[in-house]
Amino acid sequence: MTLAEEVSALVHHEARLLDERRYAEWVTLYADDARYWVPAAPEMRAPTDGPSHFHDDKQLLLARTHRLENPRAFAAEPAPRTVHVVSGVTVDAEGAEIVAGSAQIMLEWRDRDGFEADKRLFGGRVTHRLRREDGQLRIVEKRIDMIDAEGAFNAMTAPL
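Here's what I pulled together on the structure shown here. What you are looking at is a predicted structure, and each value in this text was computed from that prediction instead of being measured.

**As for the overall build of the protein chain**
- The secondary structure content of the protein chain amounts to three helices and six strands.
- Along the protein chain, from the amino end to the carboxyl end, the secondary structure elements read α-α-β-β-α-β-β-β-β.
- For the protein chain, the proportion of its 160 residues judged to be buried stands at 41%.
- Residue pairs in contact within the protein chain that sit at least 24 positions apart in sequence constitute 57% of those at least 6 positions apart.

Here it is in structure tokens:
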């Protein structure tokens, strides 16, 4: 398998784990020092440039996903169903760091006891910074630049 195929497989595998709500497995894709970042504006170059929708380390990802798996978590009830569409994965490798870019769309649907359905659409450019650890690619940083990052959002429960 070429590096480009391996990286593309990882990006698609990550999306599948999220869609199947296999959060414990999803978090294992991340390095111990990883960052998951969704800036509030596309021009942000660093999380210190202003507020972010998400700026999580691996421990916070573990806490968020543990809460999503808790049957008493009000914000995640009913559990959202999602589908991620990944397109145009590109790979750039310089030394030990690998950078993958892609376009992604996530559709989230929640049926609230048949009274009200909640369907939301999120999309943007995703950048994964990766490194090899013990022969496996690990996510060091995932940055999601949503096309409507400056817009108002209700609380997002499912990871993008």
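Additional details are given in the paragraphs that follow.
**Let's talk about the side chain of glutamate 14**
- Looking at where glutamate 14 falls in the secondary structure, it is placed in helix α1 (residues 3–19).
- Only 2.7 Å separates the side chain of glutamate 14 from the side chain of histidine 128, close enough to count as a polar contact.
- Contact partners of glutamate 14, with chain neighbours within four places excluded, come to Trp26, Leu29, Tyr30, His128, Ile139 and Lys142.

**Notes on the packing of aromatic side chains**
- A full pass over the atoms with the stated rule returns three aromatic pairs.
- For the ring pair tryptophan 26 and tyrosine 36, a centre distance of 6.0 Å and an interplane angle of 85° mean the geometry is edge-to-face. Remark: tyrosine 36 occurs in strand β1 (residues 30–39) and tryptophan 26 occurs in helix α2 (residues 23–27); sequence separation between them is ten residues. In this structure, tryptophan 26 and tyrosine 36 share a single accessibility class: buried.
- When the centroid spacing of 5.9 Å and the interplanar angle of 75° are considered together, the rings of tyrosine 36 and phenylalanine 54 count as edge-to-face. Pair noted here: tyrosine 36 is in strand β1 and phenylalanine 54 is in strand β2 (residues 52–57), with a separation of 18 residues, a long-range link.
- What makes phenylalanine 54 buried here is its relative accessible area of 8%.

**Observations regarding a negative patch on the surface**
- A grouping of Glu43, Asp49, Asp148 and Glu150 is seen on the molecular surface, where their side chains present a negatively charged patch.
- Position of aspartate 49 among the secondary structure elements: in the loop between β1 and β2.

**What about the environment of proline 47?**
- Structurally, proline 47 can be placed in the loop between β1 and β2.
- Look past the residues within four positions of proline 47 in its chain and what remains in contact with it is Trp37, Ser52 and His55.

Rules behind the numbers
- Residues numbered from 1 in each chain as written.
- Predicted model: local features only at pLDDT ≥ 70, side-chain atom pairs only at ≥ 80, totals over all residues.
- Heavy atoms only, no water.
- Helix = DSSP H or I, 4+ residues; strand = E, 2+ residues; numbered from the N terminus.
- Buried < 20%, exposed > 50% of the residue type's maximum accessible area, 1.4 Å probe, protein only.
- Contact = heavy atoms within 4.5 Å.
- Polar contact = N/O pair within 3.5 Å; in protein donor to acceptor, adjacent residues only side chain to side chain.
- Phe/Tyr/Trp six-rings, centres within 6.5 Å; stacked < 30°, edge-to-face > 60°.
- Patch = residues over 30% accessible without salt bridge, like charges linked within 9 Å, V, L, I, M, F, W, Y side chains within 5 Å.
- Areas by Shrake-Rupley, 256 points an atom, 1.4 Å probe, with all protein chains shown as cover.
- Salt bridge = Lys/Arg side-chain N within 4 Å of Asp/Glu carboxyl O.
- Lys, Arg positive; Asp, Glu negative; His and termini not counted.
- Charge placed at Lys NZ, Arg CZ, Asp CG, Glu CD.

None of the figures reported here should be taken as evidence of function without further support.
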